[in-house]
Amino acid sequence: MPVPSVPSAPSATRLNTPPSAGAVAPTLVLLALLGLGVWAFADLRINVATFVDGAANAARFAARVFPLDFPPLLEILALCGQTLAIVVLATLLSALLSAPVALLAAADTTPNNAARMGARALIVVARAVPDVVLAIVFVRVFGIGSITGVLAMGLHSIGMVGKLYADAIEQSDPGPPTALRATGATRLQRITGAVLPQVLPAFVAVGLHRLDINLRVSVVLGFVGVGGIGFAIAESLRVLNYQRGIALALIVLALCIAVEVVSGAIRTALLGRAAAGPRRGITGALGRLVKPKQQVVVSADPRERSAAALAEGRVTPPWRMRRRGILYAVVSTVIVVASIAGAGISPLAFFEALPRIFEVLGQFLPPQTGGILPTLLAALWVTVKIALAATLIGVVLSIPIGALAAANVAPNARVARFFRLIILIIRGIPELILAIVFVVITGLGEVAGAVALGIGGIGLLGKLVADSLEEVDPGPERALRATGAGRLQVFLAATVPAAGKALVGHALYLLDTNIRSATLLGIVGAGGIGFYLLNAARVLDFGVVTTVLILIFATVMLVELLAMWLRSRW
């Protein structure tokens, strides 16, 4: 009689997959970056003693700030209106330029590989050139005012908007364009008839997200001549009028939070909130205004919507949707026209100044060191250290805050909403304001820049961490809970491993962003190469400006290539 074989005990290799040779190098690189971040944090002397020593400075500064000196209401409205007009036009410019670039960069719509590589290279270059450098160039061409800000932020934004547009196109459903191709449709017909209708909500959502970022950047660019409330803050601080400068900074804070809430509600309404449940309060009301209740039940998956429409016999959008589209077009046109008027942009003045751009570009060539190349290299290294230390601070603070803001990790919904609110408030504070505060407390130097960027990074990284944790597959979490595992065990054994790749990518993105932001904050005395960039521009030494630009560009490209390599290995 055959004896049934007894199943052997599972081998260790079935439960613990040994690390592959290809994963060792990326792990070592990440550990090296972590070590550099810890070293930079210690080398910059970011510690409690620094802030204790600065307590007296903070007290003296507070005595000079209060009472705050708010400008008259009409002046506040005019400054806010001009700032919003510049930001809206810059974002619109970036969206219009990014759409064709993204179509060339996306694998599904590009005519050939050469066009795709060229478009991808253009996106990377646009992202690597800081907007403050573009602003310095355009100030020489168009002078102090709105056009400078629109062009600087609009062209730099292509780096982010173009990439996200291309990603959205590549993630769209290939079924509709394939069906059109079968009918003999041309490439242009497939793009306009099948691709763009699918990605249009994502395009608008990305544009709104960029609008938030440009609003914060516009404040910093005020220090190099871009009009609006940032320019007013720069002028106040230049004459040591802290009462007016900090009052204007608080107005910026309120403006950023208001724009963040409104744009976030519109983005949510456009992209849907799968499995998140209905939103309440102001954002919920705005969301229902953009997307009526009966539309919420429609699936966010375009393939399911297409199938439902075919089942109902519909081949064209219902009249209700077309009417809403017309309404959106009218509202958008009114906003654009009002922005052009509010920014005070004269098309005639623009075209009259345009030919000067070649003359101005000639002033920036050839690159010159001004005899301070070692100093510039040392300042660049300080900027990198600021970015590394700020990223470490941001990661350490963002992981617990982001985890508690995730609905599937927080003990209850109230805790999740509270930490989401914390993240929203921090996102609304421009890094410039944080830098000014810490410059006052710790004095001019790199500590202020690192701490300001580190705390400001919570707004970005905390949100990304919370979103990534909420998007993990709930299956492993449920399986562990079924075995009696505790909340912490589920978090460490199921949630974090599932979101680990995304979390690493977000941290690298924060490092990339911090290098450019550290350059910007150097303009207001937060240390690094930004200080030398502004000084060279002020004394019209544009050859040195070009050298600084090359150094920043090379550093950002190095980080970008490192991040791309790490993402390809994980």
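From a predicted model like this one, the values you see are computed outputs, not experimental measurements.

Colleague: Just to check I follow, could you spell out helix H19 (residues 373-405) for this structure?
Modeller: Because an α-helix completes one turn every 3.6 residues, residues spaced three or four positions apart along the sequence face the same direction. End to end, H19 covers 46 Å across 33 residues, agreeing with the expected 48 Å (1.5 Å per residue, within 8%). The axis of H19 is deflected most strongly, by about 35°, at Ser 398, and proline Pro 400 appears within four residues downstream.

Colleague: What's the story with the state of the cysteines in this structure? I'm lost.
Modeller: Simply put, disulfide is the name for a covalent bond between the sulfur atoms of two cysteines. Overall, the coordinates contain 0 disulfides when judged by the stated rule. Cys 80 takes part in no disulfide bond, and the closest cysteine sulfur, belonging to Cys 256, lies 9.9 Å away. According to the relative accessible area criterion, Cys 256 is buried, its value standing at 3%.

Colleague: What should I look at first to understand the confidence of the model for the protein in this one?
Modeller: A low pLDDT score tells you not to read the predicted coordinates there in detail. When the pLDDT values of the protein are averaged, the result is 78; 84% of them are 70 or greater. Predicted confidence in the protein is weakest over helix H14 (residues 293-296), with a mean pLDDT of 44, and strongest over helix H5 (residues 73-105), with 89. Note on residues 1-13: pLDDT under 50 across the span, and 0 contacts to partners over four residues away in sequence or across chains. pLDDT under 50 marks residues 273-298. Its contacts with residues more than four places away, or in other chains, come to 23 contacts.

Colleague: Looking at this model, I keep getting lost on unusual backbone geometry. Mind explaining?
Modeller: Glycine aside, residues mostly have negative phi angles, and peptide bonds mostly take the trans form. Put simply, Leu 365 and Pro 366 share a cis peptide bond, and its omega is -5°. Turning to its location among the elements, Pro 366 is positioned in the loop between helix H18 (356-363) and H19.

Colleague: Just to check I follow, could you spell out the packing of aromatic side chains for this structure?
Modeller: In this description, an aromatic ring pair is defined by two values, namely the gap between the centres and the angle between the planes. Summed over all chains, the structure comprises 5 aromatic pairs. Centroid distance Phe 138 to Phe 142: 6.1 Å. Interplanar angle 40°. Geometry classified as tilted. With Phe 138 and Phe 142 both in helix H7 (residues 131-142), this residue pair falls 4 residues apart, about one helical turn. Each member of the pair Phe 138 and Phe 142 is classed as buried. Consider the rings of Phe 418 and Phe 419, whose centres lie 5.2 Å apart with planes at 85°: the pair is edge-to-face. Classification of Phe 418 as partly exposed rests on a relative accessible area of 46%. Residue classification places Phe 419 among the buried positions, given a relative accessible area of 18%.

Colleague: Explain the pattern of salt bridges here, please?
Modeller: As a working rule, side chains carrying opposite charge can pair if their charged atoms are close by. Applying the stated rule across the entire model yields 8 salt bridges. Between Arg 420 and Asp 467 there is a salt bridge; the shortest N-O distance is 3.0 Å. In this pair, Arg 420 is assigned in helix H20 (residues 413-428) and Asp 467 in helix H22 (residues 446-470), connecting sequence segments 47 residues apart. Several salt bridges converge on common partners, so that one network encompasses Arg 420, Lys 463, Asp 467 and Glu 470.

Colleague: Help me out: how do you make sense of the packing of H19 against H20 in this one?
Modeller: Helix-helix packing: each pair is described by the crossing angle between the helix axes and the interaxial distance. Where H19 contacts H20, the two axes come as close as 7 Å, and the packing angle between them is 135°. Judged by the angle between their axes, H19 and H20 are oblique. Packed against H19, whose contacting residues are Ile 401, Gly 402, Leu 404 and Ala 405, the element H20 presents Val 415, Ala 416, Phe 419, Arg 420 and Ile 423 at the interface. A class-by-class count of the residues in the contact of H19 with H20 yields 7 nonpolar, 1 polar and 1 charged.

Colleague: Mind showing me how you'd approach the nonpolar core here?
Modeller: Generally speaking, nonpolar side chains in soluble globular proteins are found buried as a group. With 102 residues, the main nonpolar core has Ile 46, Leu 221 and Ile 233 as its most contacted residues. Looking at this core, the element that brings in the most residues is H19, giving 11 residues. Not counting chain neighbours up to four residues away, the residues in contact with Ile 233 comprise Val 219, Phe 223, Gly 245, Leu 248, Ala 249 and Val 252. Ala 105, Ala 106, Ala 119 and Ile 123 belong to the second-largest nonpolar core, a separate cluster that totals 17 residues.

Basis of the calculations
- Starting afresh in each chain, residues are numbered from 1 along the sequence in its written order.
- Restriction of local features to residues with pLDDT of at least 70 applies here, the model being predicted, together with a cutoff of 80 or more for giving and counting side-chain atom pairs; totals for whole chains, interfaces and linings are based on all residues.
- Only hydrogens and water are removed before side-chain values are computed, so all heavy atoms of the structure are retained for them.
- Strands here are runs of E lasting at least two residues and helices are runs of H or I lasting at least four, both read from the DSSP assignment and numbered beginning at the N terminus.
- Helix span is expected to be 1.5 Å times the residue number reduced by one.
- Bend at a given residue is defined as the angle between two axes, one fitted to the seven residues that end at that position and one fitted to the seven that begin there.
- Pairs of cysteine sulfur atoms within 2.5 Å are identified as disulfides in what follows.
- In this scheme, a residue with accessible area under 20% of its type's maximum is buried, one over 50% is exposed, and one in between is partly exposed, where area comes from a 1.4 Å probe on protein chains only.
- As a per-residue measure, pLDDT reflects the predictor's confidence and takes values from 0 up to 100.
- Any two residues whose heavy atoms approach within 4.5 Å at even a single point are treated as in contact.
- Each aromatic pair joins two rings of Phe, Tyr and Trp (for Trp, the six-membered one) with centres within 6.5 Å, and gets the label stacked for planes under 30 degrees apart, edge-to-face for over 60, and tilted for any other angle.
- Each reported salt bridge corresponds to a side-chain nitrogen of Lys or Arg within 4 Å of a carboxyl oxygen of Asp or Glu.
- Axes here refer to lines fitted to C-alpha atoms; in helices the fit is confined to the stretch in contact. Angles between the N-to-C directions go from 0 to 180 degrees.
- Throughout this description, any angle smaller than 35 degrees is read as roughly parallel, any larger than 145 degrees as roughly antiparallel, any in the 65 to 115 degree range as roughly perpendicular, and the remainder as oblique.
- Under the convention adopted here, Pro, Cys and the residues Ala, Val, Leu, Ile, Met, Phe, Trp and Tyr are nonpolar, Asp, Glu, Lys and Arg are charged, and Gly plus all remaining residues are polar.
- Remark: nonpolar core denotes a set of buried residues (Ala, Val, Leu, Ile, Met, Phe, Trp, Tyr, Cys) joined through side-chain atoms within 4.5 Å.

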